[in-house]
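Chain by chain, the residues run as shown.
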Amino acid sequence: MNEDKLIELVKQVVSEMTSTQKSDNPVMLEAVPSDSEEYVPDLSQVDFRKVLDIPHPANREEYLRVKAKTEARLGVWRTGPRYRTNTLLRFLSDHAAAMDAVFSDVSEEMLEEMGLFSVSSRCSSKDEHLTRPDLGRQFSEETIARFKAKLKPKAKVQIMVGDGLSSAAIEANLRDIIPAISQGLKMYGLEVGNIPFVKNCRVPAMDVIGDELEPEVVCMLIGERPGLVTAESMSAYIAYKPTVGMPEARRIVISNIHDGGTPAVEAGAHIAELIKTMLEKKTSGIVMGD
Amino acid sequence: MSMRLKTTLNGKTFQFRDIKDVLAKANEPKSGDRFQGIAAESVTERVAAKIVLSELTVGDLTENPIIPYELDEVTRVNIDGLNRHQYEAKKNMTIGQLREWILSHKTTQEDLIRSSRAFTGEVAAAVAKIMSAMDLVYGARKINVVTRCNTAIGQRGTLSFRCQTNSTTDDPETIVMGLMEGVSYGSGDACLGINPVEDNVESTRRIADGVYNFMSKNEIPTQVVVLSHMTTQMKAMEQGAPLSMIFQSIAGTQAANDNFGVNRKLVEEAYILAKQRGTSVGPNLLYFETGQGSEVSIGADLGVDEMTLEARTYGFGRYFNPFMVNNVSGFIGPETLYDGKEMIRANLEDHFMGKLMGLPMGMAPCFTNHTSITQDDQEMATMLLNTAGANFYMGVPVGDDVMLAYQDTSFHNDAALRELSRRKPAPEFHKWMMKRGLMDENGVLTELAGDGSIFLK
């Protein structure tokens, strides 16, 4: 089966599965109908790539044509040398989304719904998570015992999820990406066992799983550091027989998984294919054709 | 007399292990030092370290570099870059006396510029560690460093900017649209400088060509730079890319520079190449970027505090007479500078240490989104550094760099900073802006400014 066909098939299966599953997202409130007169319009919904605030531009058409190709905040105009009010408030809105993505937790409801079991790195708080990257890749002995009780040793594939630097990325993508990966792997005859969720997690935490349970391939789904354009971007780090202290080059990463980048369903199918190839070649040092 | 590393204070005795320990513990709070486990454990211990440090001499800190001369190229370049006459004149001063000498009314800008090659990074860091925020601003304000590449920047009464309009796809069209808007706000007299996504010769050339064409078509007196790796720019320049100067990130240990893929020999080769193939007369043909915490973030700190390593970085950069040094303390994240207070303090320190060592310091107080630092913190740092006399800042559309995913100074900030300090663009660029009707003679924007499409007519 070629990759395009597989992606199509997975998309279809997953959309059938998830259409009945969506529930309210507890971290971010659902957008309210902005056409209602009771509401001040939702500033975060304005597509500023299509807006030119310069009162008398020398060349409006060309400005807008180029602006449409970039998220850069161009053509915003000014009052004196300062921002217009809408420019300032939009910047603050996007920064708020980014900060809230970092400083909030993934909801228990979501983890339960997805059937994940929850553990934590050695970091005891968000603050420690952000200032001690070394602890975010380590586990206590009790946590390791928990992994050993819950996870199958020497599995072909071990999927794991970490909040990383964006809980919002997990909230936004997990419902789509887990079924997509599972379906994809199933088509290759591969089984996905229990999936742990690691709170206050850094990428190399996956290497500990490699050492303790010796799966062949580990795939870590983790929230990326948010930018102002999106706070919902997730990455997948995949490695063949990862081990603590290995060179970073042994990890393959698929980044930019979000609605405006690679959608989660499509990324999931791609990840399943990568895992299969990795198992065949018995190395993660493969150059994957895109 | 041997060095005294012991004192009593507030009823307690403090014995410091060596100069490295004193320097680390004398540092104002930084999360990078806490992460390394080298920070003072109490406020009194911090002050005790400052007191011990104030009694060490310039000679003590120069003759006992925190990483030995034989083991580390950054140490060697710091020491080889000294002017022995100037060093001899200062070496018996204690760090406490040095602080007073810098701040004294009797010490002129001339005196400070002449002594800039008397100090290694360790000395500059030591004196900055016993200075308060206003000391750092006042001391730096006395020192003006002028450099020339294609045009000259840093003259008293001027304030310059790098226009930084990066693209997530290295698309010259959106990059140049951003530049059009940026220069209309007066941003871009330090340079038009773009970070490519793809670090290769092709992207570097494509961006350089696009930016250079815009610059020359509109006769803008400034410089073009593309911030790929030094070796990539060199290859691009050999193939004819129209670059005005060559950029590189540098750090304060040889181990960190190895990680960045840079060393003294390479920088010397880059300088010679820029002289032969670059589009500028010089004599300043290099652009360095630095920032507290880069060494610890890659595990190449050797147990030295991030502020001292930053000053050693300046001692490395100084050797090559750069056109501009841009400090990006705040870029890495809360594991190196925890909050707004730490970021602001680090920026004031870096600007002062760089100026003391004779560098054309520009500042990029900035923040990522995984820290508590906000736009307000960043603007406060920027205004303080403006009072301190920073040579230049960045100019990013609304401060949001869509490619590097962090926030920096904006076109609007650039224009407001000039008004606030009554400073003007670099003279040639100012004349050009007046000719295009974008700015008046006092450096204030006209009604035309802000519309990039005037260059599309």
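Not measured: the values here are computed from a predicted model.

Counting residues at the interface gives 49 residues for chain B and 43 residues for chain A. Across the chain B to chain A interface the summed buried area is about 3,800 Å²; carbon plus sulfur atoms make up 60%. Taken as a group, B:N369, B:H370 and B:V398 account for 17% of the area that chain B buries against chain A, more than any other trio of residues on that side. Across the contact surface, chain B and chain A share five salt bridges. Counting only elements with at least two residues in the side of chain B that touches chain A, the list comes to α11 (172-184), α19 (375-388), β14 (406-407) and α20 (411-421) of chain B. Of the residues contributing to the side of chain B that touches chain A, the split by class is 21 nonpolar, 18 polar and 10 charged.

For the rest of this paragraph, the subject is the pairing of strand β5 (residues 234-240) of chain A. Residues and elements named next belong to chain A. Of all seven residues making up β5, six are buried, and the element is well covered by its neighbours. The pairing of β5 with strand β6 (residues 252-257) spans four bridges and is classified as antiparallel. For Y237, the partnering residue across the bridge sits in β6 and is V253.

Taken as a whole and judged by the stated rule, the model has 46 salt bridges over all chains. A:R65 is the partner of B:E173 in a salt bridge, and the nearest nitrogen-oxygen pair spans 2.4 Å. Of this pair, B:E173 sits in helix α11 while A:R65 is found in helix α2 (residues 60-67), placing the two residues in two different chains. Where B:D80 meets B:R264, a salt bridge forms, and the shortest distance between an N and an O atom there is 3.3 Å. Of this pair, B:D80 sits in helix α5 (residues 73-80) while B:R264 sits in helix α15 (residues 264-277), placing them 184 residues apart in sequence. Taking the relative accessible area as the measure of exposure, B:D80 reaches 33% and is therefore partly exposed. A single network of salt bridges, built from pairs that share partners, joins A:E62, A:R65, A:K69, B:D171 and B:E173.

Residue and element names in this part refer to chain A. Per the domain assignment, the segments of chain A are domain 1 (3-27 + 105-281) and domain 2 (43-102). Contacts between the two partners involve 11 residues from domain 1, matched on the other side by nine residues from domain 2. Of the roughly 760 Å² buried at the junction of domain 1 and domain 2 (both faces included), carbon and sulfur atoms supply 72%. On the domain 1 side of the interface with domain 2, the three residues burying the most area are P226, L228 and V229, jointly 58% of the side's total. At the boundary of domain 1 with domain 2, the tally comes to zero salt bridges.

Parameters and conventions
- Residues numbered from 1 in each chain as written.
- Chains lettered and ligands numbered in written order.
- Predicted model: local features only at pLDDT ≥ 70, side-chain atom pairs only at ≥ 80, totals over all residues.
- Heavy atoms only, no water.
- Contact = heavy atoms within 4.5 Å.
- Buried area = accessible area lost by both parts, 1.4 Å probe.
- Salt bridge = Lys/Arg side-chain N within 4 Å of Asp/Glu carboxyl O.
- Helix = DSSP H or I, 4+ residues; strand = E, 2+ residues; numbered from the N terminus.
- Nonpolar A, V, L, I, M, F, W, Y, C, P; charged D, E, K, R; others polar.
- Buried < 20%, exposed > 50% of the residue type's maximum accessible area, 1.4 Å probe, protein only.
- Pairing = 2+ DSSP bridges.
- Domains from an automatic or database assignment.

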